[in-house]
Amino acid sequence: MSNSIFRNILRFVVLVLAQITLFNNIKFFGYINPYPYILFVLLFPIGDNRASLLFTSFLLGLSIDMFANSGGMHAAACLCVAYMRPWVLQSIFGIAYEYNAVKVSSAAYGERLLFVSIMVFAHHLILFSLESFNFSDIIYILKKTLFSGAFTLLLAMLFITLFSYRRK
Amino acid sequence: MQQIVNFLIKYRNFLLFVFLLFLSLVFTIQSHSYHRSKFVNSANFLSGGIFTGIDNISTYFDLKTHNEQLVTENSFLRQQLLNSRDSISQEIDTTRFGNQFQITTAKVINNNYSHKDNFLTLKAGSQAGIKQDLGVITSEGIVGIIDKVSPGYSTVVSILNSNSQINAKLKKSNHFGILVWRGGDPNLVELVDVQSKAPVKQGDTIVTGGKSTIFPEGIGIGTIAQFQLDPTENFYSIKVKLFNDMTNVGHVYVIENLDREEIQTLEQETQDEQ
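Residues numbered from 1 in each chain as written. Chains lettered and ligands numbered in written order. Predicted model: local features only at pLDDT ≥ 70, side-chain atom pairs only at ≥ 80, totals over all residues.

Across its full length, chain B carries 5 helices and 12 strands. Expressed as lengths along the three principal axes of its C-alpha atoms, the size of chain B is roughly 90 × 50 × 40 Å. A burial count over chain B gives 35% of its 274 residues as buried. At a minimum sequence separation of 6, the contacts of chain B that also span at least 24 residues come to 58%. (Helix = DSSP H or I, 4+ residues; strand = E, 2+ residues; numbered from the N terminus. Buried ≥ 20, exposed ≤ 12 C-beta atoms within 10 Å, placed from the backbone. Contact = placed C-beta atoms within 7 Å.)

In structure tokens, the structure reads:
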């Protein structure tokens, strides 16, 4: 149990640092940045501790906001995906989720891809809508969501595969 | 009472979600209005310290371009110095304003240009004499306006920010407009509300106007890339290509207008009397 808490704290710190030092500065084609820090929300242990998931996700977003001077956009986006996570998990993994037998890093490839992409695109859509704060910019929002989302998805799948923790 | 407690327990996650969402939306809305993001900004000890650490490493990658910029500026200044005796032209350059303006140098430790509202973070704060609403320029052109200040750091509202509105004019004719940015290309900004009588030509220079007390008059901004009349044919909207490469800003000058308070008090009094 304490091992799991420690690993999540470590993941939080590493992802925030990686996001602000590295991924916020990629600026592919001038405006495409990946946001792989939401891996924290995706990989948070699945269980009944929903309140702590909500609270840590909010904190995660807020720390990114502090470095990006973006008010509370990341916090809001993280919070929303954290709140919708149980339903996404349930609709994808079905009965296995109800028995707490799901682990994102060891799920089947197709299910994992579906889960990660729903969460990533939902997060990016909320984030960029809040960033532009103007519905007349809908094309800009969708374009940014699509490109940045694809980039984040790629990185997220890569990181899950690279750093998945295999017990023998 | 029992029912209220039961309700709270049953929906505690939802209530927590709504509360946190409300909080983050308040922060977001504050950040969309100028000078309002009170709580969450990067002018603080923690983020300033981390950005300084990152900058200590990444500054080496830009050393060459920054050196070139300094050499160009030096040669320009030296040229002015050598030619000052036989030159009557009183063209204002960015480092000679008599006693009305005071200049502080600062290092940029964080720079954004890919969002819709971009900010820079400077490694200089109130201890170095930096205050809110001072103008920030480089040797090439304007960068933005100081927003939040902490003892050691400060943030700058970049000209690449949808809240930024800077008074600017055509260099040759004094017709003025407002400089705004609508997102997208970090090298193009837009000058709007320019009178249709103005003699606009492609390639002409745009400089800061003297109407604000933030920037001195005549600081370079950019050249006209393209222009068009708005549908009512009363105003031009002009696309301006910036002199400054906003994606690579190393050292900046922060300008303080020492007469600012005097001018503002005077204007305020005049307005009150009417």
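On to the nonpolar core, then. Formed by 50 residues in total, the largest nonpolar core has its most connected members in Leu122, Val143, Val156 and Val252 of chain B. Core analysis: the second largest hydrophobic core is formed by 46 residues, Tyr35, Leu39, Met73 and Val81 of chain A among them. (Core = buried A, V, L, I, M, F, W, Y, C linked by C-beta atoms within 7 Å.)

Quick look at the interface of chain B and chain A now. Each partner contributes residues to the interface: chain B has 28 residues there, and chain A has 28 residues. Of all the secondary-structure elements, those providing two or more residues to the side of chain B that touches chain A are helix H2 (12–32) and helix H3 (45–58) of chain B. For the side of chain B that touches chain A, the leading source of residues is H2 of chain B, giving 15 residues. Here the side of chain B that touches chain A is composed, by residue class, of 12 nonpolar, 14 polar and 2 charged. (Nonpolar A, V, L, I, M, F, W, Y, C, P; charged D, E, K, R; others polar.)

Most peptide bonds adopt trans geometry, and most residues besides glycine take a negative phi value. One non-glycine residue, asparagine 69 of chain A, lies in the positive phi region at around 55°. Position of asparagine 69 of chain A among the secondary structure elements: in the loop between helix H3 (50–68) and helix H4 (73–93). The class of asparagine 69 of chain A is buried, set by 28 C-beta atoms lying within 10 Å. The phi dihedral of aspartate 133 of chain B falls on the positive side, at around 70°, and the residue is not glycine.

What follows deals with the sheet that holds strand E12 (residues 251–257) of chain B. All names here are of chain B. With respect to topology, 6 strands assemble into a closed barrel ordered E1-E2-E5-E4-E3-E12, the strand pairing being antiparallel. Taking the axes of each pair of neighbouring strands and ignoring which way they run, one obtains an average angle of 45° across the sheet. In the sheet, strand E3 (residues 135–137) pairs with strand E4 (residues 142–149) via 3 bridges, with the strands oriented antiparallel. Bridging from a neighbouring strand, valine 136 pairs with glycine 144 of E4. Docked against the sheet, H3 engages strand E1 (101–111) and strand E2 (117–122), running at close to 80° with respect to E1. (Pairing = 2+ DSSP bridges. Axes fitted to C-alpha atoms, helices over the stretch in contact; angles between N-to-C directions.)

So, about the pairing of E2 of chain B. Residue and element names in this part refer to chain B. Of all the 6 residues making up E2, 6 are buried; the element is thus mostly covered by neighbouring parts of the structure. Of the strand pairs in this sheet, E1 and E2 are connected by 3 bridges, and their pairing is antiparallel. When the bridges of E2 are listed, valine 108 appears paired with leucine 122. Note that E2 and strand E5 (residues 154–161) share 5 bridges and pair antiparallel. Residue pairing for E5: aspartate 117 is matched across the bridge by asparagine 161.

Take the pairing of strand E6 (residues 166–170) of chain B next. All names here are of chain B. Of all 5 residues in E6, 4 are buried, a share of seventy percent or more. Bridging between E6 and strand E7 (residues 176–180) involves 4 bridges; their strand directions are antiparallel. The residue of E7 that forms the bridge with alanine 168 is glycine 177. Between E6 and E7, which follow one another and run antiparallel, lie 5 residues, and asparagine 174 among them has a positive phi close to 70°.

Moving on, we come to helix H5 (residues 260–273) of chain B. Here H5 of chain B spans 20 Å end to end across 14 residues, near enough to the 20 Å set by a 1.5 Å rise per residue. With 0 of its 14 residues buried, H5 of chain B lies for the most part at the surface. (Expected span 1.5 Å × (residues − 1).)

Residue and element names in this part refer to chain B. Spatially, 6 strands are ordered E6-E7-E8-E11-E10-E9 in a closed barrel, and the strand pairing comes out antiparallel. Taking each pair of neighbouring strands and ignoring which way they run, the sheet shows an average axis angle of 40°. Both strand E9 (residues 205–208) and strand E10 (residues 220–229) contribute to a ladder of 3 bridges, which runs antiparallel. Paired with threonine 205 across the strands is threonine 223, a residue of E10.

Turning next to the confidence of the model for chain B. Mean pLDDT over chain B: 83, with 91% of residues reaching 70 or higher. The ipTM for the predicted assembly is 0.84, set against a pTM of 0.75. (pLDDT = per-residue confidence, 0-100.)

Moving on, we get to the packing of helix H1 (residues 2–21) of chain A against H3 of chain A. All names here are of chain A. Axis separation between H1 and H3 bottoms out at 10 Å; the angle between their running directions is 30°. With respect to each other, H1 and H3 are oriented roughly parallel. H3 is crossed by H1, and the crossing has right-handed handedness. From H1, Phe12, Val16, Gln19 and Ile20 reach across to H3, where they touch Leu60, Ser63, Ile64 and Phe67. Broken down by class, the residue content of the contact of H1 with H3 amounts to 6 nonpolar, 2 polar and no charged. (Parallel < 35°, antiparallel > 145°, perpendicular 65-115°, else oblique. Left-handed = near helix turned anticlockwise from the far one by under 90°.)

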